[in-house]
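Understanding the architecture of this molecule
Read off the chains here:
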Amino acid sequence: MDYDAVIIGGGACGLMCAVQAGLLGKRTLVLERNDKPGAKILISGGGRCNFTNLYTAPENFLTENPHFLHTAFSQWTVEDTISFFENFGGIQGQEKTLGQLFPKSNKAKDVVAVFTKLMYDTGQDIWLQTEVKSVKKQGEGYAVSFIREGDEQQLFCKKIVFASGGLPVAKLGASDFALKSARQFGLSIMDTAPALVPLTITGKDATWYASLAGNSVFARVYNDRISFEENILFTHWGLSGPAVLQISSYWRAGETFTIDLLPKFRLDELIKNERTAGGKRTIGQLLNDYFTKKMVEALEKYLPIDLKIASLSKADARFVCDTIHKFVVKPAGDKGYDKAEVMRGGVSTDELNPRTLEAKKQLGLYFGGEAVDITGWLGGYNFQWAWASGYLIAQDL
Ligand SMILES: Cc1cc2nc3c(=O)[nH]c(=O)nc-3n(C[C@H](O)[C@H](O)[C@H](O)COP(=O)(O)OP(=O)(O)OC[C@H]3O[C@@H](n4cnc5c(N)ncnc54)[C@H](O)[C@@H]3O)c2cc1C
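On a predicted model such as this, the values are computed, not experimentally measured, just so you know.

This paragraph deals with the sheet that holds strand 15 (residues 227–235). Strand order in the open sheet formed by 7 strands is 18-17-14-15-16-13-19, with antiparallel pairing between adjacent strands. Looking along the sheet, the strands with just one partner apiece sit at the ends: strand 18 (327–329) and strand 19 (333–334). Taken together, the 3 bridges between strand 17 (residues 257–260) and strand 18 define a ladder with antiparallel strand orientation. Bridge pairing in strand 18 places F257 opposite V329. Docked against the sheet, helix 12 (residues 314–325) engages strand 14 (216–222), strand 17 and strand 18, running at close to 110° with respect to strand 17.

Taken together, 34 residues surround the ligand, and among them C13, E32, S175, E370 and F383 come closest. Here a nitrogen atom of the ligand sits 3.2 Å away from a polar atom, N or O, in the main chain of R33. Summarising the interface, the protein chains cover 94% of the accessible area of the ligand, which totals 1000 Å² for the free molecule. The set of elements that each furnish at least two residues to the shell around the ligand consists of helix 1 (12–23), helix 2 (39–47), strand 8 (130–138) and helix 13 (381–396).

This paragraph deals with the UniProt feature "domain: RsdA/BaiN/AoA(So)-like Rossmann fold-like" (unreviewed entry) in the chain. Here, the residues flagged by UniProt with the feature "domain: RsdA/BaiN/AoA(So)-like Rossmann fold-like" (unreviewed entry) are residues 4–395. Strand forms 25% of residues 4–395 and helix 32%; the C-alpha atoms that close the span are 12 Å apart.

Of note, Q124 is situated in the loop between helix 5 (108–121) and strand 7 (125–127). On the basis of relative accessible area, Q124 is assigned to the buried category, the value being 6%. Within the structure, the side chain of Q124 is placed 2.8 Å from the backbone oxygen of T122, a separation counted as a polar contact. Other than its neighbours up to four places away in sequence, Q124 contacts A18, G22, K26, R27, T28 and M119.

With that settled, consider the pattern of salt bridges. Taken as a whole, this structure holds 14 salt bridges when the rule is applied. In this structure, K264 and E229 form a salt bridge, with 3.3 Å as the shortest nitrogen-oxygen distance. Taken together, the residues K264 in the loop between strand 17 and helix 9 (267–276) and E229 in strand 15 connect sequence positions 35 residues apart. E229 sits in the partly exposed class, given a relative accessible area of 36%. Put simply, R281 and E274 hold a salt bridge, and the shortest N to O gap is 2.8 Å. For E274, a relative accessible area of 14% corresponds to the buried category. Overlapping salt bridges, with partners in common, bring together R33, E131 and K133 in one network.

All right, on to the packing of aromatic side chains then. Centre-to-centre distance and the angle between the planes together describe a pair of aromatic rings. What the rule picks out here adds up to 26 aromatic pairs. Note on Y209 and F234: the rings are 5.9 Å apart at their centroids and 40° apart in plane angle, and the pair reads as tilted. With Y209 in helix 7 (residues 206–211) and F234 in strand 15, this residue pair connects regions lying 25 residues apart in the sequence. Grouping residues by exposure puts Y209 and F234 together as buried.

For the rest of this paragraph, the subject is the UniProt feature "domain: RsdA/BaiN/AoA(So)-like insert" (unreviewed entry) in the chain. Using the residue numbers shown here, the UniProt feature "domain: RsdA/BaiN/AoA(So)-like insert" (unreviewed entry) corresponds to residues 194–342. Here residues 194–342 is 32% helix and 22% strand, with 6 Å between the C-alpha atoms at its ends.

A separate point is helix 6 (residues 177–184). Every buried residue belonging to helix 6 is among F177, A178, L179, S181 and A182, and all of these are buried. Contacts from the buried residues of helix 6 go to strand 1 (5–8), strand 8, strand 11 (160–162), strand 12 (189–195), strand 20 (342–347) and strand 21 (365–367). Downstream of helix 6 by a residue or two, G186 has a phi angle that is positive, lying close to 80°.

Conventions adopted
- Residues numbered from 1 in each chain as written.
- Predicted model: local features only at pLDDT ≥ 70, side-chain atom pairs only at ≥ 80, totals over all residues.
- Heavy atoms only, no water.
- Pairing = 2+ DSSP bridges.
- Helix = DSSP H or I, 4+ residues; strand = E, 2+ residues; numbered from the N terminus.
- Contact = heavy atoms within 4.5 Å.
- Axes fitted to C-alpha atoms, helices over the stretch in contact; angles between N-to-C directions.
- Near = heavy atom within 4 Å.
- Polar contact = N/O pair within 3.5 Å; in protein donor to acceptor, adjacent residues only side chain to side chain.
- Areas by Shrake-Rupley, 256 points an atom, 1.4 Å probe, with all protein chains shown as cover.
- UniProt positions renumbered as here; feature names shortened; annotations may be inferred.
- Buried < 20%, exposed > 50% of the residue type's maximum accessible area, 1.4 Å probe, protein only.
- Salt bridge = Lys/Arg side-chain N within 4 Å of Asp/Glu carboxyl O.
- Phe/Tyr/Trp six-rings, centres within 6.5 Å; stacked < 30°, edge-to-face > 60°.

Right under this line is the structure:
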């Protein structure tokens, strides 16, 4: 067997890398521990796969070194992703919201099908149910040990691509293999943690959040690093929904963040207008114009909702406004890797050549996708990075 590269992991990055190498006339072998390729692609975006974001820019990523992304994203752009799926799979993108592109068919399996067909057409091999156990330096290249059909086997290759992803969702095949191997080769790793993950509330406020389970509110969620305007969702154990998933990537244990529950309006202005009109309505009646009945009932815990607006003191009015616009949340923790969409941290970008993603101190080893310290926002950014990194690596194999 004479392969230009062995690719560990048949997920978003590994599949893109294999087919791009194939389009350049190279031969690769993908080793994938699952019984099918692209397990995460298949369940992504609720089975619809949010495969890129029209507004992708380095600012939409958490990483120690945002400059690193300029090179990758100038070589493989959002337009490249769109035309790749259009040209090779007839997939038309459809924007749902905030630049998030999904296949018009709404079927993630159409995205995976593009790769399986191209793998076949370009003669790339994929061995499923094959778990890589170790990669060791051997002469001019590397010995890859893996378990296939119950047997421990080995093969040798000059170039190895670590596209085995990050830690979230073990049942979809996630492993620490890329991180473990990077460490073994002396590469530094930025601290890892679940990201795009629901947050939990415990203690005295827990029942209040649980009483609102299932309620969704459009909000601005912010801390001193970042701000997001999307829905939040109350759950039996705390908070979820797009805005909370987004802020979770920027939240650290022990910190608070703030929610503006009415970001499109200024409550002080609304109260002023009510006063001008006589102030006969109560705070609850005013809030009913903007929130569900359930939410207003729950807000009674914090606000004098039965008080007439005319009788609100200035201090009361300020308190009401602050509660709605500056609602402080102190999560107890997060729901962990089983519920996280991505992993924060990973192989340090300092260790990799930005043009090829080859390890600077271990030539022949490449790292792409989620294994690298590049974590996208919610909304198709993570796949854009996975495709771009797969493409970049393929050029150098
Ligand atoms: C529920 C969910 C929904 C998501 N939805 C979206 C979305 O809509 N849009 C978006 O942009 N991002 C989404 N993401 C994030 C996105 O799926 C990942 O960022 C992306 O898949 C990372 O690509 P990757 O190739 O690095 O890793 P993966 O796609 O995870 O692929 C890694 C592969 O390596 C295999 N592997 C691991 N260890 C070994 C080993 N030792 N030997 C052999 N194989 C191994 C795994 O089985 C896996 O198939 C979602 C994630 C989750 C969990």
